[in-house]
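Residue strings, one per chain:
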Amino acid sequence: MASSTLICETQPWKDLKAHVEGIKKTHLRDLLKDTERCKSMTVEFDGIMLDYSRQCATLETVDKLYNLAEAAHLKEKITRMFNGEHINTTENRAVLHVALRAPRDAVIQCDGMNVVSDVWNVLDKIKDFSERVRNGSWVGATGKVLTDVISVGIGGSFLGPLFVHSALQTEPEASKYAKGRQLRFLANVDPVDVAKSLAGLNPETTLVVVVSKTFTTAETMLNARTLRAWISQELGPSAVAKHMVAVSTNLTLVEKFGIDPNNAFAFWDWVGGRYSVCSAVGVLPLSLQYGFSVAEKFLKGASSVDQHFYSTSFDKNIPVLLGLLSIWNVTFLGYPARAILPYTQALEKFAPHIQQVSMESNGKGVSIDGVPLPFGTGEIDFGEPGTNGQHSFYQLIHQGRVVPCDFIGVAKSQQPVYLEGEVVSNHDELMSNFFAQPDALAYGKTPEQLQKENVPPHLVPHKTFPGNRPSLSILLTSLDAYKIGQLLAIYEHRVAVQGFVWGINSFDQWGVELGKSLATQVRKQLHASRTKGEPVEGFNFGTMTMLTRYLEETSDVPANPQTLVPRI
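Residues numbered from 1 in each chain as written. Predicted model: local features only at pLDDT ≥ 70, side-chain atom pairs only at ≥ 80, totals over all residues. Heavy atoms only, no water.

Engineer: Any details on the overall build of the protein? Residues and values, ideally.
Structural biologist: Secondary structure assignment for the protein yields 23 helices and 13 strands. Taking 568 residues into account, the globule formula puts the C-alpha radius of gyration at 24 Å, and the protein, at 26 Å, falls close to it. In the protein, of all internal contacts separated by at least 6 residues, the share reaching a separation of at least 24 is 75%. Carbon and sulfur atoms make up 53% of the accessible area of the protein, which amounts to about 25100 Å² in all. Here the protein holds 53 positive side-chain charges and 58 negative ones, and the gap between their average locations is 2 Å. (Helix = DSSP H or I, 4+ residues; strand = E, 2+ residues; numbered from the N terminus. Rg over C-alpha atoms; globule rule 2.2 N^0.38 Å. Contact = heavy atoms within 4.5 Å. Areas by Shrake-Rupley, 256 points an atom, 1.4 Å probe, with all protein chains shown as cover. Lys, Arg positive; Asp, Glu negative; His and termini not counted. Charge placed at Lys NZ, Arg CZ, Asp CG, Glu CD.)

Right, here's the structure in full:
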């Protein structure tokens, strides 16, 4: 469906551009008086409620966005993704993270083959292996049960699984299954991260999961070699095969590393890193920690939203609505940032994961055909759980820059607390803020209101809130593994909708390559300077000066060091 015509050249785009001026003359105080408008801006699906009535948009705006989606061939692009067509054209790959959570009897074709059977072969292998580790039939080299897991990976191999793990840690069913077990993640090549990951662990009871599709990712493989050294130092080199497994497709390098290829769990080139949490990348460590039944419930939640996204009309389709509204805010109203504000501490790692899913996917400057875009794409995503964020950056979003906000609330707390004599429960106190903040952003507070409250005149400008700041609210009935899967899929598909409409490739990430290639030059220089005393050369003045200073300050680093693993 790729076309040389940019979406900004279509009539629906021009209609929306012309529509902006009228919207900027309206205020959410007035829009929220229209009950019928507000009713039609509320959508429910399978225990999820979306209210987008606090968007700076009318029903006419939404209709114009549907026209834009039609002009962008959004439905056809969604269908092509689900059909396994190679929509990632720059890498000639299908985009099929939906197949990772499809039911066992589903049929999803890619290059003439039903990939769902391959997915379930891996899931069955994960179930078998994780159960053997958890019940003690697979033990370490000294015969001790493996109760501690370190998952080594970076980017999508880390942020997604960490988000799900953090969300499940306090969920009653999941925490019951995790009793006596630990799951840690090692991502940063910084040795401090290694030290933190190993702190208090015994290699005799530790299993390491190395996550690298090609088994060549520089940071991941250096960390993997570091943990291999940690295990070998304590237990001997032969222990590696009992204490390390891999999520990879490069069985040759896996075996060369010292890991039994039978203990390698596959994933496929149609799975992008940031969309891989539902593959062995996330499901293996999560199953080791919580049991496969909890991980499977997570997959079923994501699958439910996949079907909703694929089959529901746009006016009731939560990911489509969220994607279109983001385009409206970013491209037409000129608000490039978005705050993700979950009112549950369990989702503390959700914003960092969506930051990668969104910004790595849609931070592009050219169309899918390589044509430079005359408009900006992508959002600057950030966030923090409420109410922590209120005491951090809400000052800016209330009285400084306009930042559209996603408020995410949960009706039932994972860990309710009730105190005798308190006006409300702890969770009700939290949710009071969840309901209040969107209205505060929308309505603001006028100088007239402040004058009626006898605020001193010199303070009135400082205490005025302009309001008219857009937000949307998502309310989940609970936060179990199923709901966590749903939330993940909603945001994954929202990002795809944005990319499909903007006409970009949301599934490649060439922007991460240049810095890595330049780091290779620096690495060679550091090696030459440390081992042969060669001067720093071939860089610009600033880099040469700072690199020279770095070498001077670390002159005590041995040229040919013996293995040293950090300990805390």
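Engineer: Would you mind going over the domain arrangement of the protein in detail, with residue names and values included?
Structural biologist: For the protein, the assigned domains are domain 1 (7–72 + 312–503), domain 2 (103–297) and domain 3 (511–554). Its C-alpha centre places domain 2 at a distance of 34 Å from the equivalent point of domain 3. (Domains from an automatic or database assignment.)

Engineer: How would you explain the pairing of strand S2 (residues 48–51) if you had to name every residue and give the values?
Structural biologist: Alignment of strand S1 (residues 42–45) against S2, held across four bridges, turns out to be antiparallel. Bridging across to S2, Phe45 finds its partner in Ile48. Connecting S1 to the antiparallel partner S2 that follows it, the hairpin turn spans two residues, and Asp46 within it adopts a positive phi of roughly 45 degrees. Bridging between S2 and strand S13 (residues 471–476) involves four bridges; their strand directions are antiparallel. Paired with Asp51 across the bridge in S13 is Ser473. (Pairing = 2+ DSSP bridges.)

Engineer: Go over the pattern of salt bridges, please, and point to the residues and values.
Structural biologist: This model, assessed by the stated rule, comprises 23 salt bridges. Salt-bridge contacts for Glu85 lead to Arg80; the nearest nitrogen and oxygen are separated by 2.8 Å. The class of Arg80 is partly exposed, set by a relative accessible area of 21%. A salt bridge links Arg549 to Glu552; its shortest N-O distance comes to 3.6 Å. Of the two residues, Arg549 and Glu552 are both situated in helix H23 (residues 541–553); the distance of three residues between them amounts to about one turn of the helix. Judged by relative accessible area, Glu552 falls into the exposed class, the value being 51%. One network of salt bridges, with partners in common, ties together Arg338, Glu379, Asp381, Asp406 and Arg494. (Salt bridge = Lys/Arg side-chain N within 4 Å of Asp/Glu carboxyl O. Buried < 20%, exposed > 50% of the residue type's maximum accessible area, 1.4 Å probe, protein only.)

Engineer: Before we move on, could you go through the packing of helix H22 (residues 513–532) against H23 and cite the residues and values that matter?
Structural biologist: Orientation of H22 relative to H23, taken along the N-to-C sense of each, is 45 degrees, at an axis distance of 11 Å. Judged on the interaxial angle alone, H23 and H22 are oblique. The hand of the H22/H23 crossing is right-handed. Facing Val522, Gln525, Leu526, Ser529 and Arg530 of H22, the residues of H23 in contact are Leu547, Tyr550 and Leu551. When its residues are assigned to classes, the contact of H22 with H23 shows five nonpolar, two polar and one charged. (Axes fitted to C-alpha atoms, helices over the stretch in contact; angles between N-to-C directions. Parallel < 35°, antiparallel > 145°, perpendicular 65-115°, else oblique. Left-handed = near helix turned anticlockwise from the far one by under 90°. Nonpolar A, V, L, I, M, F, W, Y, C, P; charged D, E, K, R; others polar.)

Engineer: Outline the nonpolar core, listing residues and values.
Structural biologist: Grouped together as the largest cluster of nonpolar side chains are 135 residues, with contacts concentrated most on Tyr52 and Trp270. Looking at which element gives the most residues to this core, the answer is helix H21 (residues 481–502), with 13 residues. Shared between two domains, this core takes at least three residues from each, and those domains are domain 1 (7–72 + 312–503) and domain 2 (103–297). Ignoring any residue separated from it by four or fewer positions in sequence, one finds Tyr52 in contact with Ser40, Met41, Val43, Val62, Tyr66, Leu321, Leu325 and Leu472. Membership of the second largest hydrophobic core comes to 23 residues, among which are Met221, Ile231, Ala239 and Met244. (Core = buried A, V, L, I, M, F, W, Y, C linked by side-chain atoms within 4.5 Å.)

Engineer: Requested: an account of the sheet that holds strand S12 (residues 405–410), with residues and values cited.
Structural biologist: Strand order across the open sheet formed by six strands is S1-S2-S13-S12-S10-S11, with mixed pairing between neighbours. Edge positions in the sheet fall to S1 and strand S11 (380–383), since each of these pairs with one other strand and no more. Sheet twist, expressed as the mean angle between neighbouring strand axes with direction ignored, is 15 degrees. As defined by bridge partners, strand S10 (residues 337–342) adjoins S11 across four bridges and the pair is classed as parallel. Paired with Ile340 across the strands is Gly383, a residue of S11.

Engineer: Account for the side chain of Ser303, with residues named and values stated.
Structural biologist: Its place among the elements puts Ser303 in helix H14 (residues 292–311). The exposure class assigned to Ser303 is buried, which follows from its relative accessible area of 9%. For Ser303, the side chain forms a polar contact with the main-chain oxygen of Arg101, separated by 3.2 Å. The contact partners of Ser303, leaving out residues within four places of it in the chain, are Arg101, Ala102 and Pro103. (Polar contact = N/O pair within 3.5 Å; in protein donor to acceptor, adjacent residues only side chain to side chain.)

Engineer: Give a detailed account of unusual backbone geometry, specifying residues and quantitative values.
Structural biologist: With an omega of 10 degrees, the peptide bond between Gly386 and Thr387 qualifies as cis. One can find Thr387 in the loop between S11 and helix H17 (394–399). Within the chain, Asp46 stands out as a residue other than glycine whose phi angle is a positive 45 degrees.

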